[in-house]
Amino acid sequence: MENKIVIKDSKNIFNLCLLILIGVGMIIWGISNGAIYSLRLGRFDMSLMIGGLGVFITVLFYLVMKVELGGVELDIENDKISFSGGAIKFNSVGETLSNLNQGFKRYSCKISAINFIQAQDKSNVNKDGKISYSYLLNFNTLDGAVTLGFSNSAQRDQVYSIIVNLNDMGIPVQNR
């Protein structure tokens, strides 16, 4: 029996699906307004530009969604946490530059290597005064710092409590 817990953020996956649909809509608009005809004639016009941008957006967000569909995976048996890229802050400029494509990859680290963890609620106020919240889980390992974002606090707190319990970190970890 495997001890794996997978927590998926459905709101984030839904938003990526919407962006992919926007890209597909741009492709359809470009084709219906003569992008293929312009391409055959070697002309560059608005329909070709919007269609090409639609292809770029569709492929880009499809690749990101493939990674996001894995969610945050906690493999208790193998002492591993796996998550989508984009959450890591690397220790050096060289590491950062070599990982510019981190949004298209999955990363993992040992749960036992986590030496600091913090749950954080972040509020954002837009120009109309509407408040939105993001729920973050920050943790550090010897390899670097990671910030995982969640659309609700329950998912974040579930990952937080599993890591704290597995590492016997206890309550004082919040005050470090």
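Just so it is clear, the model here is predicted, and its values are computed rather than measured.

Chemist: Just checking my understanding: could you explain the side chain of D9 for this structure?
Modeler: In this fold, D9 is placed in the loop between strand 1 (4-7) and helix 1 (10-32). Despite its burial, D9 remains without a salt bridge, the nearest opposite charge being carried by K11 at 7.5 Å. A polar atom in the side chain of D9 sits 2.5 Å from the side chain of S151. Ignoring anything within four residues of it in the chain, the contact list for D9 reads G149, F150, S151 and Q155.

Chemist: What am I meant to see in the sheet that holds strand 1 here?
Modeler: Sheet strands pair by backbone hydrogen bonding; their relative direction is either parallel or antiparallel. Strands sit in the order 1-2-3-5 across an open sheet of four strands; the sheet is antiparallel. Each edge of the open sheet is held by one strand with a lone partner, namely strand 1 and strand 5 (106-110). When the angles between neighbouring strand axes are averaged without regard to direction, this sheet yields 15 degrees. Sheet analysis places strand 3 (residues 80-84) next to strand 5, joined by five bridges and oriented antiparallel. Residue pairing across strands places S82 opposite S108, the latter belonging to strand 5.

Chemist: How should I be thinking about the nonpolar core in this particular structure?
Modeler: A general trend in soluble globular proteins is that nonpolar side chains are found buried together. Counting 21 residues, the largest nonpolar core has I81, F83, I117, F139, L148, V159 and I163 as its most contacted members. Beyond its immediate sequence surroundings of up to four residues, F139 is in contact with I81, F83, C109, I114, F116, I117, G144, A145, V146 and L148. Of all hydrophobic cores here, the second largest spans five residues; its members include I13, L16, I20 and V64.

The rules behind each value
- Residues numbered from 1 in each chain as written.
- Predicted model: local features only at pLDDT ≥ 70, side-chain atom pairs only at ≥ 80, totals over all residues.
- Heavy atoms only, no water.
- Helix = DSSP H or I, 4+ residues; strand = E, 2+ residues; numbered from the N terminus.
- Buried < 20%, exposed > 50% of the residue type's maximum accessible area, 1.4 Å probe, protein only.
- Lys, Arg positive; Asp, Glu negative; His and termini not counted.
- Salt bridge = Lys/Arg side-chain N within 4 Å of Asp/Glu carboxyl O.
- Polar contact = N/O pair within 3.5 Å; in protein donor to acceptor, adjacent residues only side chain to side chain.
- Contact = heavy atoms within 4.5 Å.
- Pairing = 2+ DSSP bridges.
- Axes fitted to C-alpha atoms, helices over the stretch in contact; angles between N-to-C directions.
- Core = buried A, V, L, I, M, F, W, Y, C linked by side-chain atoms within 4.5 Å.

The analysis is restricted to geometry; functional conclusions fall outside its scope.
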